[in-house]
Amino acid sequence: MAASSLTENEITKTAIIQREDGIQHLSGYFLWPEFSGSQRCFHQQFVYDTTMFGVARGLAWPDVISVAKMAKSLFPLLEGLELASLLHLLRTRMRESLPHLPSTHQAALAHYLFETCSIRRRLLQAVVAGAGNVSIHQTHLEVEGPPRPLPLKEGTDRTVWEWQHKLAHITVARQQKEAELHHFREGPEVTVLALDVPKEKHLDKKAVRELVRSAVRARGDLLLGRLLRESSLTNELLELRLQQTAMATRGPHHTDTTTGSSLPSSPHVTHLHTSKEELAHKPKQK
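Residues numbered from 1 in each chain as written. Predicted model: local features only at pLDDT ≥ 70, side-chain atom pairs only at ≥ 80, totals over all residues. Heavy atoms only, no water.

Colleague: A description of the confidence of the model for the protein chain should follow, citing residues and the corresponding values.
Modeller: In low-pLDDT segments, the atomic positions of the prediction should not be examined closely. Looking at the protein chain as a whole, its pLDDT mean stands at 76, while 71% of the residues score no less than 70. Scored below 50 in pLDDT, residues 257-276 shows 25 contacts in the model against residues more than four places distant or in partner chains. (pLDDT = per-residue confidence, 0-100. Contact = heavy atoms within 4.5 Å.)

Here's what the structure looks like:
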């Protein structure tokens, strides 16, 4: 049968039956003198797939028939084409075969054909060039599945895992706090600031005493700030050590796992939180 006998009813029937039957049904409306054997099978599959794309896009049935005819004549021309030549060929064929197709459908069909032909270009060119009977050597690789999990009796209990995770977190925090405190203690010591004595006028004893008193007061403020900082670091380090010791002593099944909570401090530990005002008014020991 010739392609002219392909009617809307016949193309509709091709679209609703199974793929293999549809390929045979559609192929019966064309002559296939270009190829034989497996090459002819590839040719027929290409025509069918392109035609079904037109059906899926919702093209009118006369346009679907035109797509089938265009795909039939296009396939033998794919041999040896580079991408630029392939794009030019597609534009020319679509302009000749589907001049009245809406632009949206034209763009979609052109994109489908270009993607199909460019991605499968080497395969299609090999088929068109007569390499359909070339044997292909395949390497079979053994796929290994994921390792089998350990039996429950050999795994880690969730409570134990959470205890280990929290203990490790506290240990790291304690080490960081120890390093921070060591770095602070090894820092530069507080010294008396140089007196800012005016050079252009003579100072009496009262002015000199005031300068000295200001320098001593400034040094005292610096010492007080340093002492408060060291006290805070020491207290934080002590808290972390207490938490670590308590967790290690109690074990995983007695750990408080409440989110965001910390272990209670020991009642026998005196906290070192001291206000600046308390230190300022504390009498000096003689």
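Colleague: Describe helix 3 (residues 38-56), naming the residues involved and giving the relevant values.
Modeller: Taking 1.5 Å of rise per residue, 19 residues should cover 27 Å, and helix 3 covers 27 Å from first to last C-alpha, within 8% of that figure. Along helix 3, the residues classified as buried are Gln-39, His-43, Gln-44, Phe-46, Val-47, Tyr-48, Thr-50, Thr-51, Met-52 and Gly-54. Immediately beyond the C-terminal end of helix 3, within one or two residues, lies Gly-58, with a positive phi of roughly 85°. (Helix = DSSP H or I, 4+ residues; strand = E, 2+ residues; numbered from the N terminus. Expected span 1.5 Å × (residues − 1). Buried < 20%, exposed > 50% of the residue type's maximum accessible area, 1.4 Å probe, protein only.)

Colleague: Lay out the packing of helix 3 against helix 4 (residues 61-74) with the relevant residues and their values.
Modeller: Two elements in contact, helix 3 and helix 4, have axes whose closest approach is 8 Å; the angle formed by their N-to-C orientations is 155°. Between helix 3 and helix 4, the interaxial angle falls into the category roughly antiparallel. Note that helix 3 runs across helix 4; the crossing there is right-handed. Along the contact surface, helix 3 presents His-43, Phe-46, Val-47, Thr-50, Thr-51, Gly-54 and Val-55, while helix 4 presents Trp-61, Val-64, Val-67, Ala-68, Ala-71, Lys-72 and Leu-74. Across the contact of helix 3 with helix 4, the residue classes break down as nine nonpolar, four polar and one charged. (Axes fitted to C-alpha atoms, helices over the stretch in contact; angles between N-to-C directions. Parallel < 35°, antiparallel > 145°, perpendicular 65-115°, else oblique. Left-handed = near helix turned anticlockwise from the far one by under 90°. Nonpolar A, V, L, I, M, F, W, Y, C, P; charged D, E, K, R; others polar.)

Colleague: Tell me about helix 8 (residues 158-185), residues and numbers included.
Modeller: Taking 1.5 Å per residue as the helical rise, helix 8 with its 28 residues ought to reach 40 Å, and the 41 Å between its terminal C-alpha atoms agrees with that figure. If you check which residues of helix 8 are buried, you get Val-160, Trp-163, Leu-167, Ile-170, Thr-171, Arg-174, Lys-177, Leu-181 and Phe-184.

Colleague: Can you explain the nonpolar core? Please cite residues and give values.
Modeller: Core analysis: the biggest nonpolar cluster contains 33 residues, and Leu-6, Leu-26, Phe-30, Phe-46, Leu-109 and Leu-113 have the highest contact counts within it. Elements represented by at least two residues in this core include exactly helix 2 (19-27), helix 3, helix 4, helix 5 (83-97) and helix 6 (103-119). With seven residues, helix 4 is the single largest residue contributor to this core. When near neighbours in sequence (up to four residues on either side) are disregarded, Phe-46 contacts Ala-71, Leu-74, Phe-75, Leu-113, Thr-116 and Cys-117. (Core = buried A, V, L, I, M, F, W, Y, C linked by side-chain atoms within 4.5 Å.)

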